[in-house]
Each structure stands twice: as structure tokens, then as C-alpha cells.
Amino acid sequence: MADPPGCCRLCATCLLCLYSCQWITAKKEKRRGLRTTKCDCSWFFFLFCVFLFTLVWLYIAIIILNDFHNFNEFIFKQQKLWLDWSLVLLIATAVLITYSAVLLVLALCLQLCGQPLKLHWLHKILLIITALVVAAAFTGLGIKWAEEWRSARVSLQATGPFLHIGVVGGMTLLAWPLASVIYRTHNTGLKVFLLLAYSAAMIALYLAPLGITSPCIMEENQLPPKPALVGHRGAPMLAPENTLMSLRKAVDCDVQVFETDVMVSADGVPFLMHDEKLTRTTNVQTVFPERAALNSTAFNWTDLQQLNAGSWFLERRPFPSVQSLSHGDRMQATRQKIPSLGQVLDAAKENNISIMFDLRPENHSDYQSFVNATLEVILQSGIPLQQVYGRKRLQDEKEPLLHVNLPYQDMSSEEIKQYRQDNISVNLYVVNQPWLFSVLWCSGVSSVTTNACQVLKEMKRPIWLLPSSTYLMIWIVVDCVSFLMILWAFLLMKKCSQRRRTAESETDVLLTKINSLMQD
């Protein structure tokens, strides 16, 4: 098997060694008559599928980072272990995608060099393990975190146009090894199948923008106002959640609403706390070790005031931004206590922001007394209730709505636009990533609840905004460049194939003459 022009024997030998895990020089390979069998082709196809499978998981992993803090909290409640599992996820995914991508590149280079695709058994085992790990990840996501599939659907509105360009580019590069296979094989049926399959795929990709929709494909003057920010438990990336420090940091981020959770102590004092137990956000295990497993509502207000509600923030670092806090902020965080609802209402009134809260737990036997105690504190504070968010409007609902408060996965861009036309404000939660904020901004939401108010505050416009005419031009240019590159790849590989056949023919003639001379 002769090396094509531009593929040196040393390069071919190195590629063989990495892919086959054995030192076989290109010369020895030729003498031994090694060829790519149907089994080898099947393993290459499996490698290609594993790469695509892992690539899709990488995309999903990046998308779910917006909600990964919820996963960290879930693991802590189950295992009492705090770790930023997003780092574990990204590192593991990067290893898997890198491994499969390197193998795929090696295989494509071997094909271009005319070498056999003899995948080593160790690589085969590792590929099977990779496929099983990714399949398990997808299965776990579908069982335990099914709403993230809707997050992926929302993400396509932000990434669809760019994914299209990337896929077209990848399929265009695939034309080189494909042309090499077509010009090397003598199986006419295989040639026809590969050409038809590749042509159908490219035609579908060229026309894909007809089905791509994004709210950010609009004219600049059509862009809705920037959504207002609602601080989710304050500013939890800058201060311990549900504390007065977190409220003040949220005010610095220009939030208009402080979103929190309220519980009522055993002696009737409403206070801020999200979890039913105090173990995650206080030092209750140190102060009251024998009562640490009790619900928050089992403690009286005097006991709650003995707890520190900020040290955990510096010890566990729930967000990467904790590392960049100033010395003053760190000292302030260590002094945080559990605030009462009355203290928070006074601070909100002083800073002219609204409060939105859930009274928890709703299934408690004394819930009605919790409601009464909370209402009494609100009335005594004198703060006006400026915003009350409801649920998603039902088809048969007659009462008019003024506000809707929902997870961002539960509302499409079309629904957002319809609510906006009906003068109903829409707040979606929890929105942390700029790409997601951009999509919702373009869709026209009134406000978003966020952990990352300091990030979204700095955004002056969506990450990208394209007029439809500009997107149309990009679409046409990308398709035309892709088509020309594919045509060039096939023409160049055809020329290389002809040169190789000429060289092989001359070699055959020379060998025939040598044999004739030896016989004479």
C-alpha cells in the first residue's frame, strides 16, 4: 500500500503505533499485507459514534452548569458532603472527549495516509467503557434531573446558529478522508452508498437554518428592555445566602427584588432559611450537636441567634467567586447571623427594594400559625407589598394575572411574547449564565431571578444579536465555502489517486521486466 503524496513513512509509522499500540513500520505493514477489514471498519464506525455521543454530552454538561448549584445542594442533603461537582463533571467529560477525539483524528489521518485501521484491543475496551459511562450519565440525567432536557432545548435558541456553522465545518473536513475511501475502494456499491449518505447529510445541513429559530435574530431597535434582576437568596455568589450581607450585596448589584425563604421558629419568630435543616448554612453541628438533625422550626429564636450563618460560606466555597472576595468581605461574612424577617424588611425598606419569599414548610402541621406570625411582622414593618408573583396561566383560567413566576424551562419564547402583549410581567428563575440571560432578554421577560447578579448587572446587551439579513448572508457564505471546499477535496484526492495508480502501474511494469530477465 503506497503512501500518498505528502504522507511520509515516518508519520505513517507513528500513526500506526499510536492507533494500534504496536511498533509496525509502514514498510513492514506493506510486506505483511495488512488491510482494513470489515471488522476494522465497524470499530471505526463505533469510534465515530462514541465521539459524537461524548460531544453531545459535553454540550449538555456545559448547559447544565447554570443549575449545577442545585445538584451540589442535593448531594449535600443526601451525603452530608460538600463539593463543587461541576469541576468533577467537566474534568471527566474533557478526558473522555479528548480521548475519543484523538483516536478519531488518528484514524482519519491513517486513512489519508493509506494505512490499515487496526485498532488495538485496549482502545476497544476503553471505547466501550467511554460509551457506557456517557450512557449512564444520560440515563441518570433523565431519571434524576429530567428538566435539564428542557434546558437543552432552550439553549438551542442561543447556540443553534453557531452549532450549525460548526457542524457544517466538521462535515466539510470529513470530505477529505471520505474522498480517500471512495477513490481507494473497488466496491461500487459502497462508493454509491457513501456518496448518497454524505450528500443527503450535507443538503440537510445546508437547509437547516430554515428550521433554526432564535429570539436574538432581530433588529437592534426591536430589542426589548433589559430584564430586571431578582436576587436569589440575595447575592449568594458574593455573600452567605439569606443574610443581611447578602441583601446589601444584592442592592449593590441593582436588584429590584430580594427573593428569599422564610421559616418560623418554635417561639413564633419568622426568620430566613432555605433548608429544612440548619446543617448546610450554619454551624449547628458544633453549637448544638445533639439537635443538629432537627428541623429549623424546632429551634427557638434565642437558639438560632447563637448560630453563625457565614463561616460555612468561606469553608465550603459554594461558588468559585468566593475565592476573589476581599479581606473585608471575608471578615464580614464570618460575622453573619440568621436574620429575622423583621430585620430584612427594615433593610429592604431602607434600600427601597421589594421582598419576595416562600413561607416554608407548607406541609407543617402549624403552617396556619406560621402564616399569621408572618403577616403580623409584615404589617408591623410598614413595607408595601409591591410585587406578588403567581403561577403559569391555565387555559381555562378566568381571573386576570399581573405577574407570573416560573422556572425558565417552563416557558417558551412564544409564551413570553404572548404574556408581554397581554401586559403580564414574567419572572423566570434561576438564571445564572449570560447565554441564558441573553435568550430571555431577547424573548422579552420582565425580570429574572439569579445567583449571579454581579455578572448580569454588567451586561449592556445580549451576548449576540443578529439582524435576519446578516444571518441570511452568513448562512449563504458558509454553505458556499463549504461546497467549494468539498469539491476541492474530492478533486485533489482524485488527482492523488491517479498519481498513485500511475506509480503502482510503473512499479508493476518494472517488476515484470525484472522477472522476465531472471527467467532468461
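The rules behind each value
- Numbers given to residues run from 1 along each chain, matching the order in which its sequence is written.
- Only residues with pLDDT of 70 or above have their local features reported here, since the model is predicted, and side-chain atom pairs are shown and tallied only from 80 upward, although totals for entire chains, interfaces and linings are computed over all residues.
- Computation of side-chain values covers all heavy atoms of the structure but excludes hydrogens and water.
- UniProt positions are given in the numbering used here, feature names are shortened, and annotations may be inferred rather than shown by experiment.
- The way it works is that DSSP assigns letters per residue, a run of H or I at least four long becomes a helix, a run of E at least two long becomes a strand, and they are numbered from the N terminus.
- Only protein chains enter the area calculation, which uses a 1.4 Å probe; residues under 20% of their type maximum are buried, those over 50% are exposed, and those in between are partly exposed.
- The contact definition used throughout considers only heavy atoms, calling two residues in contact when any of these lie within 4.5 Å.
- Nonpolar core, defined: a set of buried Ala, Val, Leu, Ile, Met, Phe, Trp, Tyr and Cys residues in which side-chain atoms within 4.5 Å join the residues together.
- The disulfide criterion is simple: two cysteine sulfur atoms within 2.5 Å.

Let's hear about the UniProt feature "transmembrane region" (unreviewed entry) in the protein chain: which residues, and what values?
Per the UniProt record, "transmembrane region" (unreviewed entry) is found at residues 41-65, 85-113, 125-143, 163-183, 192-212 and 471-492. Across residues 125-143, helical content stands at 100% and strand content at 0%; the span's end C-alpha atoms are separated by 27 Å.

Account for helix 10 (residues 244-252), naming residues and giving values.
For helix 10, every residue scored as buried is listed here: Met245, Ser246, Leu247, Lys249, Ala250 and Val251. Summarising the contacts, the buried residues of helix 10 are in contact with strand 2 (257-264), helix 14 (327-334), helix 15 (341-351) and helix 19 (453-456). Positive backbone phi, approximately 65 degrees, marks Asp254, located one or two places after helix 10.

Describe the nonpolar core, with residues and values.
Trp57, Ile60, Met411, Leu428, Phe437, Leu440 and Val448 are the most contacted members of the largest nonpolar core, which totals 43 residues. Top contributing element to this core by residue count: helix 18 (residues 434-443), with six residues. Leave out the neighbours within four places in its chain, and Phe437 touches Lys226, Pro227, Leu229, Val431, Val448, Leu456 and Met459.

Which residues make up the state of the cysteines, and what are the values?
According to the stated counting rule, one finds one disulfide in the structure shown. Note on cysteine connectivity: Cys216 is disulfide-linked to Cys442, with sulfurs 2.3 Å apart. Its torsion about the S-S bond being 95 degrees, the disulfide of Cys216 and Cys442 is classed as right-handed. In this pair, Cys216 sits in the loop between helix 9 (188-207) and strand 1 (228-232) while Cys442 sits in helix 18, placing the two residues 226 residues apart along the sequence.

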